[in-house]
Structures are given as C-alpha cells and as structure tokens.
Amino acid sequence: MRKSSPWFALIVLAMISTVGFIDRIVVNVLVEPIKTEFGLSDSQVSLMGVAFTVLNIGLALVVARQAERVRRLSLISFGTLAWSVATALCGWAGSWIQLLVARMGVGVGEAIGLPSLQSVISDYFPANKRGMAISVLMLAPAMGALIGFMGGGWIAQEFGWRETFLVAAVPGIVLAVVAWLWVAEPRRGAHDAVAADDETVPPVSAVLKRLFALPSARQFVIASAFAAMLGFGVNYFFTSLMIRKFDLGLGEAGMYAGLIASAPAALSVIMQGMLGDRLGEKNPAAYGLIPAVCLLIGGPLYVVAIMQDDLVPLLVLVSVATFLNFGYLGITYAALQNLMHPRMRATCSAVLNVVYGVASALGPILVGLLSDSFAESRGEVGGLAIAMAITGALYFWAGVHYLLAARRYGADLASTRSAPVQVTSGQP
C-alpha cells in the first residue's frame, strides 16, 4: 500500500508540517479571549509559547537520535497523532494551568513527529532540488498561519475558543493514518555521495561540530534563530494589535492576520528556495545572500509599517515586509541539510528545533514585556505598537549574520563533501 513517489511523500509531509504549525500557532488568534477568560496580562498570556517548548526542546533531540536508526515514518505518524490529541485537550482545559499543561503536550507530540520530516525529504530529493523541496515543506508556517488565523478566528468568533482547538485537532489524526499506511520509508543517502549504511550513525558531537564549528553553518543557525524569534513575537500579537488599535472583530482581525502571514510568506519561501537552487549551483554563497538582502530591507520596512495609524497602509506595508522577512526558512534548512551526512539529518533538524523552540518562546515574551513596559506611558495600544516596531527592527541584525554565512558557505560545503565525517556503529 505504501507509495515511494517523492512528490506524494512531499505533499503528505508538507500537510503534516502545516497541521503542526496550525496547532502551534492557533493560540495567537485566541490571545484576547483566553486573556479575558483567565484575567491575564500580555506577559502572562505569552507563557503559552514557553509551555510548548518546556519538554519539546529536550525530547526532540532524544527522538531524533532514534530517527537516525529506525523507521522515520512511524515516528512521524505517532507524533502527529499525539500532538493532535493534545490540541483537543487544550479545548477541554478548565483552568489556566490545565491549558499550559495541554500546550506542553502539543510540544511533546511535535518533538516526536517533526524532526524526521526534513531527513525523509532529503532522501527523496537530490541536493540540487532540495532547496525547492524543503521550501515546499517549509510552506507550513505560511499555510498554517492562513488556516490558523482565518479559520481559527472565524471558529472562535462563531463558536468559542475551546471549539477552535477541538476542530484544529481533527486533520492531524487523519494525516497520521495516511502517513502510516501510504508513505514509504526512503533509502537513506539515496542521492548523496556519502554512503549511509544501516549500522553506522555519526555521534551527536559530529552533528554539533558541523552546525556550530563550521563558520557558515554557525551563522545560518544564529541568523535563522534570531529571525524566527522575531517572527514568532510579532505574529503572536498582530491580531491583538488590530483588535486594540482599529477595533476589529476577532474574525476580521484573524482574516487579515492569516492573509498577511500566509500569501506573501508562501511566495517568498518558494521563490527564495528555487532561486537558491538556481544560483547556488554555481555560487553557493547565494544561499546566504538571498535571505540577507531581504532581511536588511524588510526589517526597517516593518518598523514603518507597524507604526501606521490607518489600517490599509499598515496591512499593505506589513504584507511587503512579511514577503521579505519570512522567505529565509526553506533556503536555510536546505543549506544546512546539504552540509549534513545522511545519518545526521534528523538530529540536525532536532537540534535546530531546540534552537527555534527557545526562539519561539522568547519572541512573544520579548514583545509582551516591552508592551507591558511601554503601556505605562503610551497606553495598551501604543505600548504594543512600539514593542512590535522595536522587535521588527531587529530583523536587520539577522540579515547581517546571513551575510557572514554567505562568505564561508562555499568553502564549508566543499570541505564536508571532500572529507566526510567518520561514523561509528552504535554510538549515541
């Protein structure tokens, strides 16, 4: 029953990744009703992001080490089912503490299910097509934001925030069954010059060495983690800003947030991934230069956008800034996967998930703390707008790190291909 079609696998796994992002991000559109029901401040409500990462960041690495040895589709299927059930439990939470515990459960499920996705796709597609393939996989944040904000906002407005969690849980349960029954496990290293024998797995130290000792990889990690932190921060409160500043309903605000966070970002992710593959074949530095240029422009533009006092120019300018600031996802993952031995890729994804998990928790906290601080002098609306503008301005910093990555990526890529890592059997 299982199919070995690369595109079938990519579509199914991209849908799973999208559902995972929906279940992660749907709380963003529910900030105001949850805040009201439990009587929370902006700083307190931002703790839902922390709850998600508490167990996620450690468990993901443990599971990824097993993913280098066992059938990855089994982990993906089980993890998808687990986080979907936990999402449903969020809707049944009777207290703020219970909701935080349920969000921890979502993080546990994603730690089991998500680290193997890029490893599987990297074994289905050759290196000169991975930028495109992984960019399709990384459409998840954009499509997840569209569905999470628009669908979540409408369901919450019509039926309530609890029902939103219950509905969000259903697609993941279905996709878990589809992945288990119909997606084949690809042969590891099928498109790589380095063999990936079933008995040989590089130690964690070798993965960490490639990620943090190679100059370009280190800069890619820093740049993308910083950009992720900022993105999670501003998106977490974007619906709230429109509700507070323009007195929009939850459904309308969710629709605008979903459209802005999806269409521009999806287009940018695909374009940067394809452009990276096209230009990177002759000049590998393109994998760093493309996101660098976009972020160096997009950061300052976001500041101008978020301080607009009229809704239409704010939405238009934020859309352009989103196009520039969110395209880094696919091209970054592709660049890092190309530096990895085939038996390193699940662990690499897990390490990155740890980094991005911490970043995703810090982003909302940063905006929440800044918002509460500035609210004392500028009011609840002005305080949040200034907090988001400051956070958006820091995209420029991420762009600088991408420039540094571009300088060394070609040499690092050549070195990993000419001197592959030594692998050892049975080593943790």
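Residues numbered from 1 in each chain as written. Predicted model: local features only at pLDDT ≥ 70, side-chain atom pairs only at ≥ 80, totals over all residues. Heavy atoms only, no water.

**Student:** Let's hear about the overall build of the protein: which residues, and what values?
**Tutor:** Tallying secondary structure elements over the protein gives 18 helices and zero strands in all. By the compact-globule yardstick of 22 Å for 428 residues, the protein fits well, its C-alpha radius of gyration being 21 Å. With the C-alpha coordinates aligned to their principal axes, the bounding extent of the protein is approximately 60 × 45 × 30 Å. Taken across its 428 residues, the protein has 60% of its residues classed as buried. At a minimum sequence separation of 6, the contacts of the protein that also span at least 24 residues come to 85%. For the protein, the computed accessible surface area is about 15,600 Å², with 69% contributed by carbon and sulfur atoms. (Helix = DSSP H or I, 4+ residues; strand = E, 2+ residues; numbered from the N terminus. Rg over C-alpha atoms; globule rule 2.2 N^0.38 Å. Buried < 20%, exposed > 50% of the residue type's maximum accessible area, 1.4 Å probe, protein only. Contact = heavy atoms within 4.5 Å. Areas by Shrake-Rupley, 256 points an atom, 1.4 Å probe, with all protein chains shown as cover.)

**Student:** Tell me about the nonpolar core, and name the residues and values.
**Tutor:** Counting 131 residues, the largest nonpolar core has Phe-238 and Met-388 as the members making the most contacts within it. If one sorts the elements of this core by residue count, helix 12 (residues 215-246) sits on top with 19 residues. In contact with Phe-238, other than residues within four places in its own chain, are Ala-257, Ile-260, Tyr-302, Ile-306, Leu-314, Leu-315, Val-318 and Met-388. Residues Val-63, Leu-75, Ile-112 and Ala-346 belong to the second largest nonpolar core, which totals five residues. (Core = buried A, V, L, I, M, F, W, Y, C linked by side-chain atoms within 4.5 Å.)

**Student:** Pulling in residues and values, what's your account of the pattern of salt bridges?
**Tutor:** A complete count under the given rule lists eleven salt bridges for this structure. Taking the shortest distance from any N to any O, the salt bridge between Arg-72 and Glu-185 comes out at 2.7 Å. On the criterion of sequence distance, the pair formed by Arg-72 in helix 5 (residues 72-91) and Glu-185 in the loop between helix 10 (161-182) and helix 11 (204-212) is long-range, its members being 113 residues apart. Judged by relative accessible area, which is 26%, Glu-185 ranks as partly exposed. Arg-345 is the salt-bridge partner of Asp-123, the closest N and O atoms lying 3.8 Å from each other. Here Asp-123, found in helix 7 (residues 117-124), pairs with Arg-345, found in helix 17 (residues 345-393); they are 222 residues apart in sequence, far enough to count as distant. Each member of the salt-bridge network shares a partner with another, and the members are Glu-32, Lys-35, Asp-42, Arg-244 and Glu-380. (Salt bridge = Lys/Arg side-chain N within 4 Å of Asp/Glu carboxyl O.)

**Student:** Lay out the packing of helix 7 against helix 17 in plain terms, naming residues and giving numbers.
**Tutor:** The geometry of a pair of packed helices is captured by two quantities: the angle between their axes and the separation between those axes. Contact pair helix 7 / helix 17: the axes reach a minimum separation of 7 Å and the direction vectors enclose 140 degrees. Between helix 7 and helix 17, the angle is such that the two are oblique. Crossing geometry of helix 7 relative to helix 17 is assigned as right-handed. From helix 7, Gln-118, Ser-119, Ser-122 and Asp-123 reach across to helix 17, where they touch Arg-345, Ala-346 and Ser-349. Class assignment for the residues of the contact of helix 7 with helix 17 results in one nonpolar, four polar and two charged. (Axes fitted to C-alpha atoms, helices over the stretch in contact; angles between N-to-C directions. Parallel < 35°, antiparallel > 145°, perpendicular 65-115°, else oblique. Left-handed = near helix turned anticlockwise from the far one by under 90°. Nonpolar A, V, L, I, M, F, W, Y, C, P; charged D, E, K, R; others polar.)

**Student:** Break down the environment of Pro-313 for me, with residues and values.
**Tutor:** Mapped onto the elements of the fold, Pro-313 is located in helix 15 (residues 311-325). Since its relative accessible area comes to 28%, Pro-313 is described here as partly exposed. For Pro-313 and Ser-5, which are 308 residues apart along the polypeptide, the C-alpha to C-alpha distance reads 44 Å.

**Student:** Quick rundown of a nonpolar patch on the surface? Include the residues and the values.
**Tutor:** Together, Leu-81, Val-85, Leu-89, Trp-92 and Ile-173 make up an exposed nonpolar region whose accessible area comes to about 470 Å². A total of three residues in the nonpolar patch trace back to one element, the largest contributor, which is helix 5. We classify Val-85 as partly exposed; its relative accessible area is 40%. (Patch = residues over 30% accessible without salt bridge, like charges linked within 9 Å, V, L, I, M, F, W, Y side chains within 5 Å.)

**Student:** For helix 7, give the residues involved together with the corresponding values.
**Tutor:** Of all eight residues making up helix 7, eight are buried, and the element is well covered by its neighbours. Along helix 7, the residues that are buried comprise Leu-117, Gln-118, Ser-119, Val-120, Ile-121, Ser-122, Asp-123 and Tyr-124. Where helix 7 is buried, its residues meet helix 1 (6-29), helix 5, helix 6 (96-113), helix 8 (127-137), helix 16 (328-338) and helix 17.

**Student:** Give a description of the packing of aromatic side chains that names residues and reports values.
**Tutor:** A full pass over the atoms with the stated rule returns 13 aromatic pairs. Seen in terms of ring centroids, Phe-38 and Trp-96 are 6.1 Å apart; in terms of plane orientation they differ by 45 degrees. Their pairing is tilted. Taken as a pair, Phe-38 in helix 2 (residues 31-38) and Trp-96 in helix 6 lie far apart in primary sequence, 58 residues in all. Aromatic side chains Tyr-333 and Tyr-356 sit 5.8 Å apart centroid to centroid with 85 degrees between the ring planes, which places their arrangement in the edge-to-face category. With Tyr-333 in helix 16 and Tyr-356 in helix 17, this residue pair connects regions lying 23 residues apart in the sequence. A relative accessible area of 6% means that Tyr-333 is categorised as buried. What links up through ring pairs into an aromatic cluster is the set Phe-220, Tyr-287, Tyr-328, Tyr-402 and Tyr-409. (Phe/Tyr/Trp six-rings, centres within 6.5 Å; stacked < 30°, edge-to-face > 60°.)

**Student:** Tell me about the side chain of Thr-164, residues and numbers included.
**Tutor:** Note that Thr-164 resides in helix 10. Note on Thr-164: relative accessible area 2%, which makes it buried. Setting aside anything within four residues of it in sequence, one finds Thr-164 in contact with Val-26, Leu-30, Gly-152, Ile-155 and Ala-156.

**Student:** Break down unusual backbone geometry for me, with residues and values.
**Tutor:** In this model, Asp-247 sits at a positive phi of 55 degrees, which is unusual for a non-glycine residue. Turning to its location among the elements, Asp-247 is positioned in the loop between helix 12 and helix 13 (250-280). In this structure Asp-247 comes out as exposed when scored by relative accessible area, which is 69%.

**Student:** Describe the packing of helix 1 against helix 6, and please don't skip the residues or the numbers.
**Tutor:** One way to put it is that helix 1 packs onto helix 6 with a least axis distance of 11 Å and a crossing angle of 155 degrees. Judged by the angle between their axes, helix 1 and helix 6 are roughly antiparallel. For the pair helix 1 and helix 6, the crossing hand works out as left-handed. Note on element contacts: helix 6 touches helix 1 through Arg-103, Val-106 and Glu-110, opposite Gly-20, Asp-23, Arg-24 and Val-27.

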